[in-house]
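Chain by chain, the residues run as shown.
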Protein chains: 2
Amino acid sequence: PAMVGAPARYLVFFQYFGTRYSGVMETKSDQALVGVQNYLEKAAQNLRPSVPIKFHISSRTDSGVHALANAAHLDIQRAPGKAAFSGKQLVQGLNYHLKPEPICILSAQRVPSTFHARFCALSRTYIYRLLLGCAHYSQIPVFERDLCWAPAGGPLDISALGEAANFLLGTHDFSTFRSLSSETPFQCPVRTLLQLEIQPAPGFLSHHNRGLEFWEVKFKSRSFLYRQVRRMVGALVAVGQGKLSPQDIQELLEVKDARAFPPHAMAPPSGLFLKSVEY
Amino acid sequence: PAMVGAPARYLVFFQYFGTRYSGVMETKSDQALVGVQNYLEKAAQNLRPSVPIKFHISSRTDSGVHALANAAHLDIQRAPGKAAFSGKQLVQGLNYHLKPEPICILSAQRVPSTFHARFCALSRTYIYRLLLGCAHYSQIPVFERDLCWAPAGGPLDISALGEAANFLLGTHDFSTFRSLSSETPFQCPVRTLLQLEIQPAPGFLSHHNRGLEFWEVKFKSRSFLYRQVRRMVGALVAVGQGKLSPQDIQELLEVKDARAFPPHAMAPPSGLFLKSVEY
């Protein structure tokens, strides 16, 4: 039999508009919404590998959450005698087959076979986009629907929100700020929040929408607990609205119990963007 | 029989994401894509008027063209004894029934029965969004697809583009810059371009996309010829790419013939936004 070489391993970065997907992770394809990974692997099959291609996703994102740049690794075994794809060929080939979907490969590079997109990541950065100044859902510009959260109620007290944010920075047991899942009992709840920044930001055509203000909240950590960012944003917004005090955030941390989180305070997925995965 | 009052006339401003519509104007509803007007009138029928409601649209936009604010007037005749809707009630009622569509009523106000949204408009302002720095379609952020034009080729010479724009400003016979339509022979081709500005602009999350630059080209005139803005933008971009000289724009104006327009130079609808209609 012909000699078969080792498969080539690649690290790819990819972008997606998450509204129409069940999340990034693969799902059984008989569901109404399927995962971004299903489309990535379907596109990859069109490259005619000798072994089906599996994407190992760096960062799990929920249904409705977007990515400016998520990451994954994959191995490609080609037929004997065929040269490995270059990074550029892989980007072009995958994008060609992904075309109708709002999913796009940004880059691809060869990595050693010991590289793992999930376990080798040094940190993840998320952005949460808030739209302030809307009295009602219908005031969200149609171009921004699904891409931000416009919390009901009046203006936010940004300085109280910043004060509360300082309690979250650093290393803590974030048990109160995770949602319960089947993995929860086995997962260490201690995380180190390296960065938490709140700043005004431009929105899509927002210079034409007087009275609307966009703010971005940026979170950086080696990794996050299940729904931790959405819970932290929801609690911070509650502080900005005067429903919680900044000190309440510290107390919530100290309770270390997911059931202590204020009901219905979690921020919706529409405003959440995975900005980058750092290696 | 009960006394029937005069119908109440309203001026409404509305916003839409144009990609999924055949344009703003009503079409027969058995087509694959129908017009924004079809959805507006369907929503209005849910308000149970005694006479079917017709929207008289201020500014016709093509399939794929968006509006930050288009305008229309409509008459509402209610059953005897029922008070006329307030502007706020009309906005809320229409938006409730438009909800799943990316169409939104921004405001509504009572106007005299002599008011006409199309003929009383003093001017229209359009914005055309250009994305520079993309070598290929796949480099357009997925969040910006359908909302800009990324012309192929290298960077644009913005100063040449500005020089060419100066030839278009003011009153001219714009025959070369209109597309032929069934109305063309009857329509005076002279228009006065009151404003033509070119400036850098923020894109959606563009501060996270290094290397990409957004520019907006703004056009203001009492009215425009059929596809005039898209033809003007296409010609200006050709100047920015060095395919035409600024003086060629002046010569194209002087020829006064739609067939003299460079083939395939018209800009696509995706980058065009009706920004406002002024009264």
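Residues numbered from 1 in each chain as written. Chains lettered and ligands numbered in written order. Predicted model: local features only at pLDDT ≥ 70, side-chain atom pairs only at ≥ 80, totals over all residues. Heavy atoms only, no water.

**Here we look at the interface of chain A and chain B**
Note the threshold: In this analysis, two residues are considered to be in contact whenever any of their non-hydrogen atoms come within 4.5 Å of each other. Salt bridges are identified by distance alone: a Lys or Arg side-chain nitrogen within 4 Å of an Asp or Glu carboxyl oxygen. Runs of H or I in DSSP of at least four residues are treated as helices and runs of E of at least two as strands, each being numbered from the N terminus. Three classes are used, and their members are as follows: Ala, Val, Leu, Ile, Met, Phe, Trp, Tyr, Cys and Pro are nonpolar, Asp, Glu, Lys and Arg are charged, and the others, Gly among them, are polar.
Counting residues at the interface gives 33 residues for chain A and 33 residues for chain B. Where chain A packs against chain B, one counts zero salt bridges. Elements represented by at least two residues in the side of chain A that touches chain B include exactly β1 (8-16), β3 (66-76), β4 (103-111), β5 (123-132) and β9 (272-278) of chain A. Here the element with the most residues in the side of chain A that touches chain B is β3 of chain A; it accounts for three residues. Of the residues that constitute the side of chain A that touches chain B, the class distribution is 19 nonpolar, seven polar and seven charged.

**Here we look at the UniProt feature "binding site: substrate" (unreviewed entry) in chain A**
All names here are of chain A. Worth spelling out the cut-off: UniProt positions are given in the numbering used here, feature names are shortened, and annotations may be inferred rather than shown by experiment.
According to UniProt, the feature "binding site: substrate" (unreviewed entry) maps to Y126 in the numbering used here. Topologically, Y126 is positioned in strand β5. Setting aside residues up to four positions removed in sequence, Y126 forms contacts with S59, R60, T61, V217, K218, F219, F224, V229, L272, F273, L274 and K275.

**Regarding the relation of the copies chain A and chain B**
The criterion, for reference: Only residues with pLDDT of at least 70 in both copies count here: their C-alpha atoms drive the least-squares fit that superposes the copies.
Taken as rigid bodies, chain A and chain B are interconverted by a rotation of 180° and an axial shift of 0.0 Å, the fit giving an RMSD of 0.0 Å. Taken together, the turn and the small shift mark the pair as related by a two-fold rotation axis. The position closest to the rotation axis in chain A is occupied by the C-alpha of F204 of chain A, lying 2.2 Å away. By residue overlap, the copies meet face to face through one surface: 100% of the interface positions of chain A are interface positions in chain B.

**A look at unusual backbone geometry**
Among all residues except glycine, the phi angle is most often negative; among peptide bonds, the trans geometry is most common. Residue and element names in this part refer to chain A. Threshold: Three exposure classes are used, based on accessible area relative to the maximum for each residue type with a 1.4 Å probe and protein chains only: buried under 20%, partly exposed in between, and exposed over 50%.
The backbone of D146 shows a phi angle near 75°, a positive value even though the residue is not glycine. Assignment of secondary structure puts D146 in the loop between β5 and α3 (158-168). The class for D146 is partly exposed, based on a relative accessible area of 39%. Non-glycine residue R227 carries a positive phi angle of around 65°.

**Some remarks on the side chain of S270 of chain A**
Along the chain, the position of S270 of chain A falls in the loop between α5 (246-255) and β9. Residue S270 of chain A is classed as buried on the basis of its relative accessible area of 17%.

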